[in-house]
Amino acid sequence: MLEFDGLHKSFGDIRVLDGVGFTVAPGSMFGFCGSNGAGKTTTMRIAMGLVRPDAGEVRWQGQPLDQATRRRVGYMPEERGLYPKMKVGEQVTYFARLHGLDSAAATKASDEWVERLGLGARRADAVEKLSLGNQQRVQLAAALVTRPEVLILDEPFSGLDPIGVDSLAEALLGQAREGVPVVFSSHQLDLVERLCDSVGILARGRMVATGTVDELRSREAGRLLRVLVPDAAPQWAAAVPGVRVVSEQAGDTILELADGADDQAVLAAALRTGRVTHFGWQQPTLVELFRGAVAVPTPQEVAA
Ligand SMILES: Nc1ncnc2c1ncn2[C@@H]1O[C@H](COP(=O)(O)OP(=O)(O)OP(=O)(O)O)[C@@H](O)[C@H]1O
């Protein structure tokens, strides 16, 4: 297991992490979500020893990560540490050497990953000549070239076109199939929903939701209503007791009902505002789960 346990971190007076914890099983893919500035990068940097936590630790196979075990972790930093003038193949070989492979093994592993990530034709080009998406592939090759036991990737999909997304996704799924725990942060929640076995949502310094997407959905089951009223007045449902408007767009409204809220009162309000063309319970998407999780403090948080 890869375990993030009780991480606390403040920068000056700003408390960024307030007891962040989650686990990632070998062979599973964990999507790490949260608003801008929520603390995802800080959490990953703590794992890699680049930021010192005020409390808590990250463990792999029961052992706290230290400089030696971190060599077995493939890491893709947000700031993409590539050398622009270095050639693609040399760059990947260089990272392999940094991780202790001898020259022949590093060259062989570099050739293999450059090829597998579709960069074979660009092997002899300087990194700076590559598009953003291809540079991202080089960065991933650099993370994979040492056959890591664990992968920690900070926004690996940002800036990629759909083909780039697919080839990166395939490479990561391949790693997970081989038993590697993969953690990646992303704002592309559709991708997280598609790829990840489990998801964590970070807000207000804590994990406000963790589990499989299905588990998170079932916690919300019977709480989200979708109502279509093409001519609805804005905020038509806001005054119904126990109802929170999750989203409202051109008469298409998603509402979250608190325990005990009356769905028939919502229907009555909908009929008062216009002609109702759809009224039904909604399977929440990860985007809706995310909005709900980052918007509303949990009862435990209110009590804390
Ligand atoms: N070295 C630092 N010194 C001071 N504040 C910092 C430092 N590193 C991060 N922060 C602050 O910590 C908070 C969390 O930042 P972090 O980059 O971890 O968030 P994030 O979830 O990765 O955000 P994004 O999705 O925008 O990348 C932010 O308010 C940021 O400004």
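As annotated in an unreviewed UniProt entry, the chain carries the name ATP-binding cassette domain-containing protein and is attributed to Blastococcus brunescens. Listed under Sequence similarities (unreviewed entry) in UniProt, the entry text for the chain is "Belongs to the ABC transporter superfamily."

Engineer: For the sheet that holds strand 5 (residues 63-64), give the residues involved together with the corresponding values.
Structural biologist: Spatially, the four strands line up as an open sheet ordered 2-1-4-5, and their pairing is antiparallel. Whereas interior strands pair on both sides, the edge strands pair on one side only; in this sheet they are strand 2 (14-24) and strand 5. With two bridges connecting them, strand 4 (residues 55-60) and strand 5 associate as antiparallel partners. From the neighbouring strand, arginine 59 faces strand 5, where its bridge partner is proline 64.

Engineer: Describe the site of the ligand, and please don't skip the residues or the numbers.
Structural biologist: The ligand sits among Phe11, Val16, Gly34, Asn36, Gly37, Ala38, Gly39, Lys40, Thr41 and Thr42. The element best represented in the shell around the ligand is helix 1 (residues 40-47), accounting for three residues.

Engineer: Summarise the packing of helix 3 (residues 88-98) against helix 5 (residues 132-144); cite the residues concerned and give the values.
Structural biologist: The contact between helix 3 and helix 5 brings their axes to 8 Å, and the two run at 30 degrees. As far as their axial angle goes, helix 5 and helix 3 are roughly parallel. Taken as a pair, helix 3 and helix 5 cross one another with a handedness that is right-handed. Mapping the contact onto sequence places Val88, Gln91, Val92 and Phe95 in helix 3 and Val138, Ala141 and Ala142 in helix 5. Along the lines of polarity and charge, the residues of the contact of helix 3 with helix 5 split into six nonpolar, one polar and no charged.

Engineer: How would you summarise the sheet that holds strand 6 (residues 73-76) if you had to cite specific residues and measurements?
Structural biologist: What the six strands build is an open sheet, ordered 6-7-8-3-9-10; its pairing is mixed. Strands at the two margins of the open sheet, each flanked by one partner only, are strand 6 and strand 10 (206-211). Direction aside, the axes of adjacent strands within the sheet are offset by 15 degrees on average. Pairing of strand 9 (residues 198-203) with strand 10 involves five bridges; the strand directions are antiparallel. Across the sheet, the residue bridging to leucine 202 is methionine 207, located in strand 10. Of the strands in this sheet, strand 6 and strand 7 (150-153) are in contact with helix 5, which crosses strand 6 at around 165 degrees.

Engineer: Talk me through the domain arrangement of the chain; I want residue IDs and the actual numbers.
Structural biologist: According to the domain assignment, the chain consists of domain 1 (2-210) and domain 2 (217-303). Here the C-alpha centroids of domain 1 and domain 2 sit 36 Å apart. In this complex, domain 1 contributes eleven residues to the contact, which on the side of domain 2 involves nine residues. Those elements that provide at least two residues to the side of domain 1 that touches domain 2 are helix 7 (189-195), strand 9 and strand 10. In terms of residue class, the side of domain 1 that touches domain 2 is made up of eight nonpolar, one polar and two charged.

Engineer: Could you give me a rundown of the environment of glutamine 136, with the residues and numbers involved?
Structural biologist: Within the fold, glutamine 136 resides in helix 5. Using a count of 23 C-beta atoms within 10 Å as the deciding quantity, one classes glutamine 136 as buried. With 60 residues separating them in the primary sequence, glutamine 136 and methionine 76 have C-alpha atoms 9.1 Å apart.

Engineer: Can you lay out helix 5 for me, pointing to particular residues and giving the numbers?
Structural biologist: Taking 1.5 Å of rise per residue, 13 residues should cover 18 Å, and helix 5 covers 18 Å from first to last C-alpha, within 8% of that figure. Buried within helix 5 are the following residues: Gln135, Gln136, Arg137, Val138, Gln139, Leu140, Ala141, Ala142, Ala143 and Leu144. The elements touched by buried residues of helix 5 are strand 6, helix 3, helix 4 (103-116), strand 7 and helix 6 (162-177).

So, how was this worked out
The written sequence of each chain sets the order in which its residues are numbered from 1. Per-residue local features of the predicted model are confined to residues with pLDDT of at least 70, and side-chain atom pairs are confined, for both listing and counting, to 80 or more; whole-chain, interface and lining totals are unaffected and use all residues. UniProt positions are given in the numbering used here, feature names are shortened, and annotations may be inferred rather than shown by experiment. Strands were regarded as paired on the criterion that DSSP finds at least two bridges between them. Counting from the N terminus, the helices are DSSP H or I runs at least four residues long and the strands are E runs at least two residues long. For each residue, a C-beta position is placed from the backbone atoms; the residue is near a molecule or strand when that point lies within 6 Å of it. Axis definition: a line fit to C-alpha positions, over the contact stretch in the case of helices; interaxial angles, taken between N-to-C directions, run 0 to 180 degrees. Our angle categories are set so that under 35 degrees counts as roughly parallel, over 145 as roughly antiparallel, 65 to 115 as roughly perpendicular, and the remainder as oblique. When the near helix sits turned anticlockwise from the far one by under a right angle, the crossing is termed left-handed; a clockwise turn instead gives a right-handed crossing. What counts as a contact here is a pair of residues whose C-beta atoms, placed from the backbone, lie within 7 Å. Amino acid classes used here: Ala, Val, Leu, Ile, Met, Phe, Trp, Tyr, Cys and Pro are nonpolar; Asp, Glu, Lys and Arg are charged; the rest, including Gly, are polar. An automatic or database domain assignment supplies the residue ranges for each domain. Buried residues are those with 20 or more other C-beta atoms within 10 Å of their own C-beta, exposed residues have 12 or fewer, and partly exposed residues lie in between; C-beta atoms are placed from the backbone. Residue count minus one, scaled by 1.5 Å, sets the expected span of a helix.

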